[in-house]
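Residues per chain, in single letters:
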Amino acid sequence: MIIKLKNKVAEEQVSSLKNRLLKQGFELHESIGESTHIIGVIGDTSGFDIESLYAFEFVENVIRVQEPFKKVNRKFKPDDTIVDVGGVEIGGKNIVIMGGPCAVESEEAIDEITPLVKEAGAKILRGGAFKPRTSPYSFQGLGLAGLDILENAKKKYNIPVVSEIMSVDELPYFVEKVDLIQVGARNMQNFNLLKELGKTNKPILLKRGFASTIEEWLMSAEYIMAGGNPNVILCERGIRTYENSTRNTLDISSVAVIKRLTHLPIVIDPSHAAGRWEYVESLSKAAIAAGADGLIIEVHPNPEMALSDGQQSLKPARFASLVQQCKKIAIAIDRTLD
Ligand code: PEP
Ligand code: MN
């Protein structure tokens, strides 16, 4: 339940309302903006007479929240959330591009690609150290050594880094070494992992599971926020449908739905959606036009030799040209891509 108060109500008055609700066993979350003062009421309100709240003269409106997610709900926090990732803001007017290889393959490979993606316009370097591969015989990533390589690149090239966590065991290393912790599609409903991430204050890039509804995805974000971590960025990476000409179907409509339902930022991963490098530019442009706050794109200097996902990785020059194309779209919709 969400209670919207009239403008400029004295704190003593608000306390009388809050005390009544607290006595009834509800948890309260207050959000005070420039012209809005909202109290989110968490708990089972099904048996509560919401009309009775209008007895408080300063209550403007009471809304029963239908959705099961509360903290991620835009009704609770109308203003867009901006997440600071090592000094790069995601969720504001500026669109942020992240780029880099699917996997951290070696120190030399990261040394080669990082200046190239940075020069092309990427603000955050991506690279998987722990790789969730369908086959146990495929390259599994360099593990902790991969995180060290990313940490070195972050310092050497002054660029924040994002990498995927697969198990709670590695959380202390991720907290120390990366700026943005990615939860992959396969772990979107690893609730133990989400709960532990909720106890940190690290920015989290929460990918949508390939067979998950938007509501399930937002409930996973709710797990992180319920633990006390507000720094969640959503990432649409395509869902599994009957269509098999692309690796996944990019659910571009999720951008519009997410923008309505939640205040959290959303970025698009066109690489894992498309599964082929030829489609990545088109999907990227569509994502920006639809209102996404950023993109995460796989880039490799030599995709033919990549240890994973070479078929969907862009060569650096193509990535640079994609960024320029996306910039034009950003300007056309009154945003920036700087
Ligand atoms: C990745 O980003 O490297 C990855 C494995 O993505 P997803 O979890 O979306 O499949
Ligand atoms: Mn990949």
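Q: Looking at this model, I keep getting lost on the overall build of the protein chain. Mind explaining?
A: Looking only at helices and strands, the protein chain features 10 helices and 14 strands. Along the longest, intermediate and shortest principal axes, the C-alpha atoms of the protein chain span 70 × 45 × 45 Å. Burial statistics for the protein chain: of 338 residues in total, 53% are counted as buried. Considering only residue pairs separated by 6 or more positions, the protein chain has 68% of its internal contacts joining residues 24 or more positions apart. For the protein chain, the computed accessible surface area is about 14,800 Å², with 51% contributed by carbon and sulfur atoms.

Q: Can you help me understand the packing of aromatic side chains in this one?
A: Two numbers describe a pair of aromatic rings. These are the distance of the centres and the angle of the planes. Counted according to the given criterion, the structure contains 4 aromatic pairs. Both rings, one in F26 and one in F48, keep their centres 5.6 Å apart while their planes meet at 85°; by these two values the pair is edge-to-face. You can see F26 sitting in the loop between α1 (11–23) and β2 (27–32) and its partner F48 sitting in the loop between β3 (37–42) and β4 (59–63), a full 22 residues away along the chain. Taking relative accessible area as the criterion, F48 reaches 9% and is therefore assigned buried.

Q: Hey, could you run me through the site of ligand 1 in this one?
A: Around ligand 1 sit R126, K131, P132, E164, Q182, G184, A185, R186, K207, R237, H272 and E298, and those are all the residues in its vicinity. Separating an oxygen atom of ligand 1 from a side-chain N or O atom of R186 is a distance of 2.9 Å. In this structure, K207 approaches ligand 1 through a side-chain N or O atom, which is 2.8 Å from an oxygen atom. By residue class, the composition of the shell around ligand 1 is 2 nonpolar, 3 polar and 7 charged.

Q: So what exactly am I meant to see when it comes to the environment of P132 here?
A: Residue position: P132 is located in the loop between β8 (124–126) and α3 (144–157). Measuring from C-alpha to C-alpha, the distance between P132 and I268 comes to 19 Å, with 136 residues separating the pair along the chain. Contact partners of P132, with chain neighbours within four places excluded, come to E164, M166 and R186.

Q: In this structure, what is going on with the nonpolar core? I would like to understand it.
A: General note: in soluble globular proteins, nonpolar side chains tend to be found buried as a group. Counting 63 residues, the largest nonpolar core has L206, L234, L295 and F319 as the members making the most contacts within it. At 6 residues, helix α6 (residues 214–226) tops the list of elements feeding residues into this core. For L234, the contacting residues outside a window of four places in its chain are L205, L206, W217, L218, A221, I258, T262, L264, P265, I266 and V267. Judged by nonpolar contacts, the second largest core, of 18 residues, contains I3, V14, F48 and V62.

Q: Help me understand α1, please; the structure alone is not making it clear to me.
A: Turn by turn, an α-helix covers 3.6 residues, leaving residues three or four places apart pointing in a common direction. The terminal C-alpha atoms of α1, which comprises 13 residues, lie 18 Å apart, in line with the 18 Å expected from a rise of 1.5 Å per residue. Where α1 is concerned, the buried positions are V14, L17, K18 and L21. Each buried residue of α1 lies within a common arc of 100° when the element is viewed along its axis, so the set occupies one face. Residues of α1 that are exposed and point more than 90 degrees away from the buried face comprise E12 and K23. A positive backbone phi angle near 90° is found at G25, which sits one or two residues after α1.

Q: So what exactly am I meant to see when it comes to the coordination of the manganese ion (ligand 2) here?
A: Any two of four tetrahedral donors ideally make an angle of 109.5 degrees at the metal, while pairs among six octahedral donors ideally make 90 or 180 degrees. Around the manganese ion (ligand 2), the protein supplies C102 (SG), H272 (NE2), E298 (OE) and D309 (OD) as donor atoms, at distances of 2.0 to 2.4 Å. Every donor residue of the manganese ion (ligand 2) comes from the same chain, spaced as C-x169-H-x25-E-x10-D. Remark: D309 occurs in the loop between β14 (294–298) and α10 (316–332) and C102 occurs in the loop between β7 (96–100) and α2 (107–120); sequence separation between them is 207 residues. For the pair C102 and D309, one class covers both residues: buried.

Q: What is the right way to read α2 from this model?
A: For α2, spanning 14 residues, the distance from its first C-alpha to its last is 20 Å, which sits close to the expected 20 Å at 1.5 Å a residue. Among the residues of α2, I110, I113, T114, V117 and A120 are the ones counted as buried. Of the surrounding elements, those touching the buried residues of α2 are β7, β8, α3 and α10. Looking one or two residues past α2, G121 carries a phi angle of roughly 125°, positive in sign.

Q: Looking at this structure, I do not really get the domain arrangement of the protein chain. What am I missing?
A: As a measure of interface size, the accessible area lost when the parts come together is often cited. By the assigned domains, the protein chain splits into domain 1 (2–63) and domain 2 (83–332). Between the C-alpha centres of domain 1 and domain 2 there is a distance of 38 Å.

Q: Explanation requested: the sheet that holds β2 in the structure shown.
A: Two pairing modes exist for strands in a sheet, parallel and antiparallel, and in both the strands are linked by backbone hydrogen bonds. Spatially, 4 strands are ordered β2-β3-β1-β4 in an open sheet, and the strand pairing comes out antiparallel. The open sheet is flanked by β2 and β4, the only strands paired with a single partner. The sheet shows a mean angle of 20° between the axes of neighbouring strands, taken without regard to direction. Sheet topology note: the strand β1 (residues 2–5)/β3 ladder contains 3 bridges and is antiparallel. Bridging from a neighbouring strand, I3 pairs with I39 of β3.

Q: Could you clarify how one ought to interpret the environment of G238 in this entry?
A: Take G238: it is sitting in the loop between β12 (232–236) and α7 (253–261). A relative accessible area of 0% places G238 in the buried class. Considering only alpha carbons, one finds G238 and E89, 149 residues apart in sequence, at a separation of 24 Å. With residues up to four places along the chain from it excluded, the contact list for G238 reads F210, N248, T249, L250 and A273.

So, how was this worked out
- Residues numbered from 1 in each chain as written.
- Chains lettered and ligands numbered in written order.
- Predicted model: local features only at pLDDT ≥ 70, side-chain atom pairs only at ≥ 80, totals over all residues.
- Heavy atoms only, no water.
- Helix = DSSP H or I, 4+ residues; strand = E, 2+ residues; numbered from the N terminus.
- Buried < 20%, exposed > 50% of the residue type's maximum accessible area, 1.4 Å probe, protein only.
- Contact = heavy atoms within 4.5 Å.
- Areas by Shrake-Rupley, 256 points an atom, 1.4 Å probe, with all protein chains shown as cover.
- Phe/Tyr/Trp six-rings, centres within 6.5 Å; stacked < 30°, edge-to-face > 60°.
- Near = heavy atom within 4 Å.
- Polar contact = N/O pair within 3.5 Å; in protein donor to acceptor, adjacent residues only side chain to side chain.
- Nonpolar A, V, L, I, M, F, W, Y, C, P; charged D, E, K, R; others polar.
- Core = buried A, V, L, I, M, F, W, Y, C linked by side-chain atoms within 4.5 Å.
- Expected span 1.5 Å × (residues − 1).
- Arc of directions from axis to C-beta.
- Donors = N, O, S within 2.8 Å, 3.2 Å for Na, K, Ca; no water.
- Domains from an automatic or database assignment.
- Pairing = 2+ DSSP bridges.
- Axes fitted to C-alpha atoms, helices over the stretch in contact; angles between N-to-C directions.

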